[in-house]
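So you can see what is in the structure, the chains are spelled out below.
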Amino acid sequence: MTLPAGLCTALTSSALDKLRAHGVKTATDFIVKDIEVLSQETLIPYKDLCSIQRVLLAEHSAYPTLASCLYEKAIASLMILSTGCQSLDDLLDGGLYTGELTEVAGDSVSGKTKICLWCAAMTVLVGDHSVVYIDSSSSFSAGYLKGIMSKNIGQGQSLSDDLIRSKLQKVKYTQVFDIYDLFAALDAIMTDLNQQTPVKYPDLKLLIVDSLASLIYPIMGGNISFCQGLICQLGLKLKQLATHYSLAVLVTNYLTSSFNGGKKKPALGKAWSHVPHMRVILQKPVGGQGPCREAVLVKSNRQQTPKSALFSLDKDEPYEPG
């Protein structure tokens, strides 16, 4: 930042010209200089240089923060949201963490959307928090979501229609058709959360985007660098929402085959691979029957990988072979 005239009463135009003549053009140049030596070189009074230094430090430097304060703030904002399935929660070290982005990748009809719906239902049921569900593939099912809530998981009793209706109102559904619609939806969420009293998203804790690849693929045939720039920008925005507003972000992705016939990998390539904090790949277990699925944890900042678990959301219990 260049030194502006009038920053304080001591930084006059004459003093600014003298500083520039001696190579002091920015705030950084001024701070690193020895004030006593600079006073002798520029013939500016020592007390005036001290005044300029104090103003620069007050307006443009970071104040130290106690580690204990940072720890208490992190604990207060940290929350773990259940997926509704014990085996998946164990795989994710408890569930979905606020401040993190979790990716679930899999083939078509592998259970990605079902996991999203269960996470949304459990968030509004157990924690009474709000959820934003962004759908790009028209796979959202309000009936399935209502069916999950009507079971009142973990309490063994039915919920009244009025209570289910009030819980459903906490799930804010948005349908997007391209990547620009998604950016607009995310910006609208940020704008509302920046207000002291959010109107649309009170006590928002979970953001779901189902699915990312269907939004990115239509533009991947064009300029590669432009496409990768959009992917990086999207990843940065989702991470900002997770960290700045203490949200758990859950996204779904497709699996794509490699050119050499190797194992399938999550779509969107290397530009996206560094974004998720946690990555789970869904697949059909070898010899598995019925609704069971295998979830493989391939990326985690807490758990040892790879790690897998068998689960069945249809039965709401860990799948046990045999």
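Rules behind the numbers
All residue numbers refer to position in the chain's written sequence, counted from 1. With pLDDT at 70 or above as the cut-off, local features in this predicted model cover only qualifying residues; side-chain atom pairs require 80 or more to be listed or tallied, and sums for whole chains, interfaces and linings still use all residues. Hydrogens and water molecules were not included; the side-chain quantities draw on all heavy atoms of the structure. UniProt positions are given in the numbering used here, feature names are shortened, and annotations may be inferred rather than shown by experiment. Patch definition: residues with relative accessible area over 30% and no salt bridge; like charges joined within 9 Å; nonpolar side chains (Val, Leu, Ile, Met, Phe, Trp, Tyr) joined within 5 Å. The accessible surface values rely on the Shrake-Rupley method and a 1.4 Å probe; as for residues, cover is taken only from the protein chains in view. Put simply, a salt bridge is a Lys or Arg side-chain nitrogen that is within 4 Å of an Asp or Glu carboxyl oxygen. In DSSP terms, a helix is any run of H or I states spanning at least four residues, a strand is any run of E spanning at least two, and both are numbered starting from the N terminus. The buried label applies to any residue whose accessible area, calculated with a 1.4 Å probe on protein chains only, is under 20% of its type's maximum; exposed applies above 50%, and partly exposed to all values in between. Side-chain rings of Phe, Tyr and Trp, where Trp is taken by its six-membered ring, are said to pair if the distance between their centres is within 6.5 Å; with planes under 30 degrees apart they count as stacked, over 60 as edge-to-face, and otherwise as tilted. Only lysine NZ and arginine CZ atoms are considered, and such an atom sits over a ring when it is within 6 Å of the ring centre and within 35 degrees of the ring normal.

In the annotation of an unreviewed UniProt entry, the protein chain is listed under the name DNA repair protein RAD51 4-like isoform X1 and assigned to Biomphalaria pfeifferi. What UniProt states about the protein chain under its Subcellular location (unreviewed entry) heading is, verbatim, "Nucleus".

## Looking at a nonpolar patch on the surface
Taken together, Ile31, Val32 and Leu57 make up a surface patch of nonpolar side chains, about 250 Å² in accessible area. Its place among the elements puts Leu57 in helix H4 (residues 46-60). Classification of Leu57 as partly exposed rests on a relative accessible area of 38%.

## Description of the packing of aromatic side chains
One pass over the full model with this rule turns up 3 aromatic pairs. Note on Tyr133 and Phe140: the rings are 4.8 Å apart at their centroids and 65° apart in plane angle, and the pair reads as edge-to-face. Residue Tyr133 is classed as buried on the basis of its relative accessible area of 0%. Taken together, the ring pairs in this structure connect Tyr133, Phe140 and Tyr173 into an aromatic cluster. Here the guanidinium or amino end of Arg302 rests over the ring plane of Tyr97, the centre of that ring lying 3.6 Å away.

## Quick look at unusual backbone geometry
Looking along the chain, the bond that leaves Asp210 and enters Ser211 is cis, with omega of 0°. Structurally, Ser211 is set in the loop between strand S6 (204-210) and helix H11 (213-216). Of note, the bond from Thr305 into Pro306 is cis; its omega dihedral lies within 30 degrees of zero at -5°. Here Pro306 lies in the loop between strand S11 (293-299) and strand S12 (307-312). For Ser138, which is not a glycine, the phi torsion comes out positive at approximately 55°. With respect to the helices and strands, Ser138 occurs in the loop between strand S4 (130-135) and helix H8 (142-150). Its identity is not glycine, yet Asp203 carries a phi of approximately 55°, on the positive side. Residue placement: Asp203 occurs in the loop between helix H10 (179-194) and S6.

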